[in-house]
Amino acid sequence: MITAIIVSAAAALLVLIAALIIFLTAGRSKSPEFDEFFGGYFAHRGLYDNSPDKNRPENSLAAFSLAVERGFGVEFDIHISSDGVPVVFHDDTLRRLCGIDKSIAELTSEELHQIQILGTDQYIPTLSEVLDIVGRRVPIIAELKCSPHEYAPAALCEAAAPMLEARGGRYCIESFNPYVVGWYKKNRPDVFRGQLSERFKPNGRFYERAVLYMLSELMMNFVGRPDFVSYNCRHTDVLGFKLWRHLYGGKVSFWTVRDADTCEKLLQSGEGDCVIFERFVPERKEAPSI
């Protein structure tokens, strides 16, 4: 009798745990159309080369121009300047690419406009300038950049969303911050949205480590109910990712693919639906029709 009660209780507990995991990790039940996502090739930060003599560093107008010319979709990063203007740049600070010990958020868009990237004649562009270059010719993956621990990303979202919409072309958004995805869930439900993740290294205080673990295992999906997951292509053995792809059949983009063999393997094996690539140029027949 006691054994039966224990077994029943254990079974009930397992059911509850399974239900909780599904609740935490599941995505949106019915996604808006974004056909360009499937089989797509997106140039990471544009078709860039950070060698100073190439004059097309990452997230520069020159890098985006070349990607569009070659017919690739583009992926880029959006921060917000101190005067509330969305700008396209990857890092939080200017140290790596500009040799300046300041953050993007400290400077105005005009000040950022004057800063050269890696000694080239390319500067930090506004989102508006990038969208003018890309036009409607290729699809966009726009990553909204803010810390996964930041609960109030509304200023960034509210500044960027109208610009992306006004362009009129096909685009989707993604972020490591589930509250960005959640903002789009609430305020722009017609936009194809994605949760970025990888196997994070645990660091910081207990709370921060717990958040990073939940993000790694996609247990923060309940916040934004993403349409797709954008996952580090070298971390596909993570249990949360396996559940998303193979149990739920969830949509996947992989970042950042750096060779042709991996690119083809991921798309043809069914592991992923699209790739975000850099440091090589995949074969591409023609620009997608938008």
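Residues numbered from 1 in each chain as written. Predicted model: local features only at pLDDT ≥ 70, side-chain atom pairs only at ≥ 80, totals over all residues. Heavy atoms only, no water.

Colleague: Explain the packing of aromatic side chains to me, using residue names and the numbers behind them.
Modeller: What the rule picks out here adds up to 15 aromatic pairs. Consider the rings of W244 and Y248, whose centres lie 6.5 Å apart with planes at 80 degrees: the pair is edge-to-face. On the basis of relative accessibility, which here comes to 3%, the residue W244 falls in the buried class. Sitting over the ring of F23, R225 keeps its end group 5.0 Å from the ring centre. (Phe/Tyr/Trp six-rings, centres within 6.5 Å; stacked < 30°, edge-to-face > 60°. Buried < 20%, exposed > 50% of the residue type's maximum accessible area, 1.4 Å probe, protein only. Lys NZ or Arg CZ within 6 Å of the ring centre and 35° of its normal.)

Colleague: Lay out helix α2 (residues 61-70) in plain terms, naming residues and giving numbers.
Modeller: Looking at α2, one finds that the buried residues are L61, A63, F64, L66, A67 and V68. Elements that come into contact with the buried residues of α2 comprise β1 (40-44), β2 (73-80), β3 (86-88) and α5 (127-134). Within two residues after α2, G71 carries a phi angle of roughly 85 degrees, on the positive side. (Helix = DSSP H or I, 4+ residues; strand = E, 2+ residues; numbered from the N terminus. Contact = heavy atoms within 4.5 Å.)

Colleague: Explain the pattern of salt bridges to me, and be specific about the residues and the numbers.
Modeller: For the structure shown, the criterion picks out 14 salt bridges. Across the pair R170 and E36 runs a salt bridge whose closest N-O atoms are separated by 3.4 Å. Placement of the pair is R170 in the loop between α6 (154-167) and β5 (171-175) and E36 in the loop between α1 (2-25) and β1, with a sequence separation of 134 residues. A relative accessible area of 15% means that E36 is categorised as buried. When the shortest N-O distance is used, the salt bridge between R45 and D77 registers 4.0 Å. (Salt bridge = Lys/Arg side-chain N within 4 Å of Asp/Glu carboxyl O.)

Colleague: Tell me what's going on with helix α10 (residues 239-247), and back it up with residues and numbers.
Modeller: Within the sequence span of α10, burial applies to G240, F241, W244 and R245. Along the long axis of α10, the arc covered by the buried residues comes to 120 degrees, so they all point the same way. Within α10, the exposed residues directed more than 90 degrees away from the buried face are L239, H246 and L247. Taken together, the buried residues of α10 touch α1, α9 (221-224), β7 (228-232) and β8 (251-257). Immediately downstream of α10, the backbone of G249 shows phi near 70 degrees, a positive value. (Arc of directions from axis to C-beta.)

Colleague: Just give me the short version of a negative patch on the surface, but keep the residues and values in it.
Modeller: Residues D259, D261, E264 and E283 make up a contiguous surface patch of negative charge. Within the secondary structure layout, D259 lies in the loop between β8 and α11 (260-268). (Patch = residues over 30% accessible without salt bridge, like charges linked within 9 Å, V, L, I, M, F, W, Y side chains within 5 Å. Areas by Shrake-Rupley, 256 points an atom, 1.4 Å probe, with all protein chains shown as cover. Lys, Arg positive; Asp, Glu negative; His and termini not counted. Charge placed at Lys NZ, Arg CZ, Asp CG, Glu CD.)

Colleague: Talk me through the state of the cysteines; I want residue IDs and the actual numbers.
Modeller: Using the criterion set out here, one finds zero disulfides in the structure. Free of any disulfide, C157 has its nearest neighbouring cysteine sulfur in C146, separated by 6.7 Å. Among the residues examined, C157 registers a relative accessible area of 0% and is labelled buried. Counting only cysteine sulfurs, C233 is the nearest neighbor of C263, a cysteine outside any disulfide, at a range of 9.7 Å. (Disulfide = S-S within 2.5 Å.)

Colleague: Any details on the confidence of the model for the protein chain? Residues and values, ideally.
Modeller: Taken over all residues, the pLDDT of the protein chain has a mean of 91, while the share at 70 or more is 96%. Between residues 285-290, whose pLDDT stays under 50, and residues either more than four places distant or in other chains, the model counts 15 contacts. (pLDDT = per-residue confidence, 0-100.)

Colleague: Can you break down the pairing of β8 residue by residue, with the values?
Modeller: In terms of burial, β8 is largely enclosed, as six of its seven residues are buried. The pairing of β7 with β8 spans five bridges and is parallel. Within β8, the position partnered with V229 by the bridge is V252. Tracing the backbone out of β7, into α10 and back to the parallel element β8 gives a crossover that is right-handed. Relative to strand β9 (residues 274-277), β8 runs parallel, the two being bridged by three bridges. Among the inter-strand pairings, S253 is bridged to a residue of β9, identified as C274. In this fold, β8 hands off to α11, which returns the chain to β9; that crossover is right-handed. (Pairing = 2+ DSSP bridges. Right-handed = clockwise from strand over helix to strand, strands pointing away.)

Colleague: I'd love a proper account of the packing of α5 against α6, names of residues and values included.
Modeller: One can describe the packing of α5 onto α6 by two numbers: an axis separation of 10 Å at closest approach and a directional angle of 15 degrees. Regarding the angle of α5 to α6, the classification is roughly parallel. In terms of crossing hand, the pair formed by α5 and α6 is right-handed. Facing L127, S128, L131 and V134 of α5, the residues of α6 in contact are A160, M163, L164 and R167. In terms of residue class, the contact of α5 with α6 is made up of six nonpolar, one polar and one charged. (Axes fitted to C-alpha atoms, helices over the stretch in contact; angles between N-to-C directions. Parallel < 35°, antiparallel > 145°, perpendicular 65-115°, else oblique. Left-handed = near helix turned anticlockwise from the far one by under 90°. Nonpolar A, V, L, I, M, F, W, Y, C, P; charged D, E, K, R; others polar.)

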